[in-house]
Amino acid sequence: MTEFLLLAFVFLIAGVIAVPIASRLGLGSVLGYLIAGIVISPVLAALGVDVIAIQHFAEFGVVMMLFLVGLELEPRMLWNMRARLLGLGGLQVVGTTVLVMAVALAFGLYWTIALAVGMVMALSSTAIVLQTLNEKGLMKTEGGQSSFSVLLFQDIAVIPMLAFIPLLAMPELMDLGAEAGHSDAGHGDDHHSDGHHDDGHGPSLSLVAGLPAWAAGLVTIGAIGAVILGGIYLTRPLFRFIAMAGLRELFVATALMFVIGIALLMTLVGLSPALGTFLAGVVLANSEYRHELESNIDPFRGLLLGLFFITVGAGIDFGLLFGQLGLIIGLTLGLIGLKAGVLLVLAGIFKIEGQDKWLFALGLAQAGEFGFVLLSFTVANQVIPSPLADQLLLVVALSMLLTPSLFILFEKVIAPRFVTSQERDADEIEEEANVIIAGHGRFGGIVNRMLRAAGYTTTVLDYSAGHLDMLRSFGFKVFYGDATRPDLLHAAGIEKAHLLIVAIDGKEQINALVHYVRENHPHVKIIARAVDRQHVYDLFAMGADEIIRETFDSSVRTGRSAFELLGMHPFDAELVSRKFAEDDRYILKEMAMVHDPDIPISENEAYIEKSRTLMAEREAQIFGKSKAFDLDSDRGWLPPSEKDVQALVSGYDKQSTDLK
Amino acid sequence: MSSIIVYYAHPGQNFSRANRQMAKTARGLDGITFVDLYAEYPRHDIDVDREQARLLAHEVIVFQFPLYWYSTPSLIKEWQDLVLQHGFAYGHDGDKLAGKSMLVAITAGGSYEAYTPKGYQHYPLRTFLTPLEQTARLCKMDFLPPYVLYSALKAEEETEIAAHAKGYGQLLSALRDDTIALPLPTNHDVLTAPDLGTLLSASEEG
């Protein structure tokens, strides 16, 4: 227990210190984590920690990340991407594999080894690239989308690679092949020789092991179908059931259960868990629970990916590195150059231009975490000799370590040259939803209908599952979640929102939401609903842009209807109501000036004094005249008196006389 | 029989003496549609379809209002802007009002003398009604001689105003029953209650 706590503390403190510093220096969080890993590697070594084992655990962060990426991607968008996905991705993987293989052959490696090295190096780091693209807001650019297509294809390509690599096995080439026992990915063709419980990472369970190919294929397709159909038909009733309990942590647990369950199912049928969760994400992209899932999974993804990056940093074998410094660095730079070259050529073919071309080429130029997986797999299957694998591991890690600096190169040197073209593109990368409506009850619902009728795109957050069902039947697009939670606001896109409409109930929640958004997102305009007069002052002090009293307008209208039914002329009733509302707002505003949220009203001298004065004014009006309202607006309709007319006449006569 | 609609527009009915009596008279007549515009549209949200249907259903369109700044109260202007649509009231295919008549019944604060070249209003009252007359012409309607009460502020309720309101009722009834032939207006003609008396007795004789 103590050991676990110590380990967790070491990882956490390294991240907590390094990442903010790296971010402040503009290096991005990934480099921060990597450096943190390098710094704590001696500590980890001293504690005898199995960094690689932790890394495999942390790779689950990649699975979660792809789930989140899927959530952002509607099926239609994925379909639109198919050309880029297959074309760009396919050519990148094949081209890089062939070229790396050629170089390896030139270094005198046997062809099977060279091919395996090519495949390992063809893959890029989904974790680093997506994390960085999101962090820098480049995900929606052409370069970002192209990068994503390639990464997605690579994630899919890992599966046939895992199937293919065992065929390259050449035990006679393995000088130190005996070490090959530390594989954790031993699910290849060797299951018939009871090869799965050959290591300490647990037996590889499988649903398809031992089945004939056609049956295995059916099971695999069935599993994918189960994910898609389950995503479409089961999530809604499941989440509704969970929502009835009204416990926040249950949602987190459900979301985790969901992702882990899919990952498990995919692993059992021998598919990439990342791919499976990605699919599930795409299926759920249209669900009203999307933002809820997103905000629940996101912290885990962040922590696990951070852990993963730290282990990459910590996993660098500095002894080996400094032993062969020139060679390793040369290989790394050569690899980056070669990969970037292939990507540049592809960018040319696919007409990716300007700064997007460079973002695409530099961003994907590293080797990735799947490289680690494939390397240990190749060693286990006696495809690549262990000493070579150690060197390659170092090259992969080093190329990942250099990636943030490539992004910095892109940002500081390349992007500025394309500023004008970027400005022209700005419209395309604009996220569409720019109004967030928190609360879709009777109040927010009407606001939403109005905005949508006028063609505005809204993101609606509501916390009542029953309510959502009702809205769904009317065809509204709403998301489940507690709008006062910063992470959900983030998932709903508060950073890019222009306007937040606070239509939730409960003074405390309204205050929390307004306060949080005003403090953290000053650019967002806030329309807030006030429960009562006192609340108006609170919201005023917090800096809400527009404050609407929730029952004021309907009360005034009720008063107006009463006037009409009591026989007042409708136009007079209208004028009186307007006057009343205006008066009331005036008083409210005057009182807001002297209201201080930190002083209770009973102790606020200025407030009491002001209130007395206004009261006196009102009373004079009420008792001094026969009517409660001295209608300024009546002035226009009061006919001039006969005296006025006489004055006019005599004035005219005088003028006429003067002229004579 | 002609069908008549009276559009009454007065934003300050509490302060009205002449128009109130006139409205009361008009409202009490059989076979006349009486519309208090400010009561129907206190928020100026005019229902264009409904108003156009009303126009189609009537042959004589009456506007009754106090003259404000040489023009109508603002709601009538709003009504004109919205209801007299291109394609309905004027322009291409805009002949839905052709052959109908428009009567303006107004009260003016100034005396007859004020509305003379030597008076403080300088122009004859009729001149200020030119926009309404041209509106009628553009809509291919007959513009009847306006029915006017001068010196409305000074007028005695029991005598002058009562007589004017009574005349108003007689005028509307005669138009309804087609028992009066009004002269087509020249630039200077307006009808006052005494003028009307002469005309009505002439019609009876004829």
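Residues numbered from 1 in each chain as written. Chains lettered and ligands numbered in written order. Predicted model: local features only at pLDDT ≥ 70, side-chain atom pairs only at ≥ 80, totals over all residues.

**A short note on the pairing of strand S2 (residues 32–36) of chain B**
All names here are of chain B.
1) Next: Both strand S1 (residues 4–8) and S2 contribute to a ladder of five bridges, which runs parallel. Across the sheet, Val-6 pairs through a bridge with Phe-34, a residue of S2.
2) Next: Each parallel crossover has a hand, and for S1 linked through helix H1 (residues 18–27) to S2 it is right-handed. (Pairing = 2+ DSSP bridges. Helix = DSSP H or I, 4+ residues; strand = E, 2+ residues; numbered from the N terminus. Right-handed = clockwise from strand over helix to strand, strands pointing away.)

**Some points on the pairing of strand S6 (residues 546–549) of chain A**
Residue and element names in this part refer to chain A.
1) Next: Alignment of strand S5 (residues 525–530) against S6, held across four bridges, turns out to be parallel. Within S6, the residue paired with Ala-530 across the bridge is Arg-549.
2) Next: Tracing the backbone out of S5, into helix H24 (residues 533–542) and back to the parallel element S6 gives a crossover that is right-handed.

**Remarks on the nonpolar core**
1) Next: Ranked by internal contacts, the top residues of the largest apolar core, which has 166 residues, are Phe-67, Val-117, Val-120, Ala-438, Val-502 and Val-514 of chain A.
2) Next: Per element, the largest residue contribution to this core is 14 residues, and it comes from helix H18 (residues 386–414) of chain A.
3) Next: Structurally, this core is a two-domain feature, drawing no fewer than three residues from each of domain 1 (2–421) and domain 2 (435–605) of chain A.
4) Next: Excluding anything up to four places from it in sequence, Val-120 of chain A contacts Ala-367, Gly-371, Leu-374, Leu-375 and Leu-392 of chain A.
5) Next: Grouped together as the second largest cluster of nonpolar side chains are 60 residues, Ala-9, Leu-55, Trp-79 and Tyr-168 of chain B included. (Core = buried A, V, L, I, M, F, W, Y, C linked by C-beta atoms within 7 Å. Buried ≥ 20, exposed ≤ 12 C-beta atoms within 10 Å, placed from the backbone. Domains from an automatic or database assignment. Contact = placed C-beta atoms within 7 Å.)

**Quick look at the sheet that holds strand S4 (residues 499–502) of chain A**
Neighbouring strands of a sheet are bound in pairs by backbone hydrogen bonds; such pairs are parallel or else antiparallel.
Residue and element names in this part refer to chain A.
1) Next: Read from one edge of the open sheet, six strands run S3-S2-S1-S4-S5-S6, paired in parallel fashion. Two strands lie at the open edges of the sheet, namely strand S3 (478–480) and S6, each paired on one side alone. Each adjacent strand pair in this sheet contributes to an overall mean axis angle of 20°, direction not counted.
2) Next: Bridging between S4 and S5 involves four bridges; their strand directions are parallel. Among the inter-strand pairings, Leu-500 is bridged to a residue of S5, identified as Ile-526. (Axes fitted to C-alpha atoms, helices over the stretch in contact; angles between N-to-C directions.)

**Overview of unusual backbone geometry**
Residues and elements named next belong to chain B.
1) Next: The phi torsion at Trp-69 lies on the positive side, around 45°, for a residue other than glycine.
2) Next: Among the structural elements, Trp-69 can be located in the loop between strand S3 (60–66) and helix H4 (74–83).
3) Next: By C-beta crowding, Trp-69 is classed as exposed, having 8 other C-beta atoms within 10 Å.
4) Next: Of note, Ser-151 is a non-glycine position whose phi angle comes to about 50°, a positive value.

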